[in-house]
Amino acid sequence: QVQLVESGGGLVQAGGSLRLSCAASGFTFSSYPMAWFRQAPGKQRELVASITDLGATNYADSVKGRFTISRDNAKSTVYLQMNSLKPEDTAVYYCRVITRGRLYWGQGTQVTVSS
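How each quantity is defined
Residues numbered from 1 in each chain as written. Predicted model: local features only at pLDDT ≥ 70, side-chain atom pairs only at ≥ 80, totals over all residues. Heavy atoms only, no water. Helix = DSSP H or I, 4+ residues; strand = E, 2+ residues; numbered from the N terminus. Rg over C-alpha atoms; globule rule 2.2 N^0.38 Å. Buried < 20%, exposed > 50% of the residue type's maximum accessible area, 1.4 Å probe, protein only. Contact = heavy atoms within 4.5 Å. Areas by Shrake-Rupley, 256 points an atom, 1.4 Å probe, with all protein chains shown as cover. Lys, Arg positive; Asp, Glu negative; His and termini not counted. Charge placed at Lys NZ, Arg CZ, Asp CG, Glu CD. Pairing = 2+ DSSP bridges. Phe/Tyr/Trp six-rings, centres within 6.5 Å; stacked < 30°, edge-to-face > 60°. Lys NZ or Arg CZ within 6 Å of the ring centre and 35° of its normal. Salt bridge = Lys/Arg side-chain N within 4 Å of Asp/Glu carboxyl O.

> Outline the overall build of the protein, supporting the account with residue identities and numerical values.
Summing up its helical and strand segments, the protein has zero helices and 11 strands in all. Whereas a compact globule of 115 residues would reach a radius of gyration of roughly 13 Å, the protein reaches 13 Å, a difference of no more than 12%. Out of the 115 residues belonging to the protein, those deemed buried represent 41%. For the protein, the proportion of contacts with a sequence separation of at least 24, taken over those separated by at least 6, is 53%. Accessible area of the protein: about 6000 Å², with a carbon and sulfur share of 47%. Averaging the locations of the 12 positively and 7 negatively charged side chains of the protein gives two centres separated by 4 Å.

So, in structure tokens, the structure goes:
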């Protein structure tokens, strides 16, 4: 059974940093691209960053230069390092994988950035 468990969210002041983790199980992690999304209150869920099985990365324009996505295949974990956080980064952050023809989400982790 595919499971994605996010952790690392919290409350931080503007300009601060957080590192999110997403521990995956139930599929061959190293073979699949992974992605981080976020959803702010009243807004649609949006792609933040993605990483292919070979480690190629892609970022939303709003986080380029501030966020870094990475993966540790030995630990079946994908990370999102978030630096220079802004109040507009406040959202619930989710990791996602598409495997076995289905889309799977984690439960999400709340990130709140105070001004």
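> Account for the pairing of strand S3 (residues 18-25), naming residues and giving values.
Direction of pairing for strand S1 (residues 3-7) relative to S3: antiparallel, over a ladder of five bridges. When the sheet's bridge partners are listed, Ser7 is paired in S3 with Ser21. Here S3 runs beside strand S8 (residues 77-82); their pairing, made up of six bridges, is antiparallel. From the neighbouring strand, Ala23 faces S8, where its bridge partner is Thr77.

> Summarise the side chain of Thr109; cite the residues concerned and give the values.
Structurally, Thr109 can be placed in strand S11 (residues 109-114). Overall, the relative accessible area of 10% leaves Thr109 in the buried class. Discounting chain neighbours no more than four positions away, the residues touching Thr109 are Glu6, Ser7, Gly8, Gly9, Leu20, Ala91, Val92 and Tyr93.

> Provide a residue-level description of the packing of aromatic side chains, including the pertinent values.
Taken as a whole and assessed by the stated rule, the structure comprises four aromatic pairs. A ring pair is formed by Phe27 and Tyr32, whose centres lie 5.8 Å apart and whose planes are at 80 degrees; its orientation type is edge-to-face. Take Phe27: its relative accessible area is 12%, and that puts it in the buried class. The class of Tyr32 is partly exposed, set by a relative accessible area of 25%. Centroid distance Tyr94 to Trp105: 6.2 Å. Interplanar angle 80 degrees. Geometry classified as edge-to-face. Here Trp105 lies in strand S10 (residues 102-105) and Tyr94 lies in strand S9 (residues 91-99), a separation of 11 residues in the sequence. Residue class for Trp105 comes out partly exposed when judged on its relative accessible area of 33%. Feature note: the residues Phe27, Phe29 and Tyr32 constitute an aromatic cluster, connected by ring pairs. When the ring centre of Trp105 is taken as reference, the NZ or CZ atom of Arg45 above it lies at 4.4 Å. Across from the ring centre of Phe29, 4.5 Å away, lies the NZ or CZ of Arg71, which sits over that ring.

> Would you mind going over the pattern of salt bridges in detail, with residue names and values included?
Under the counting rule described, the total for this entry stands at four salt bridges. Between Glu46 and Arg38 there is a salt bridge whose closest N-O contact spans 2.7 Å.

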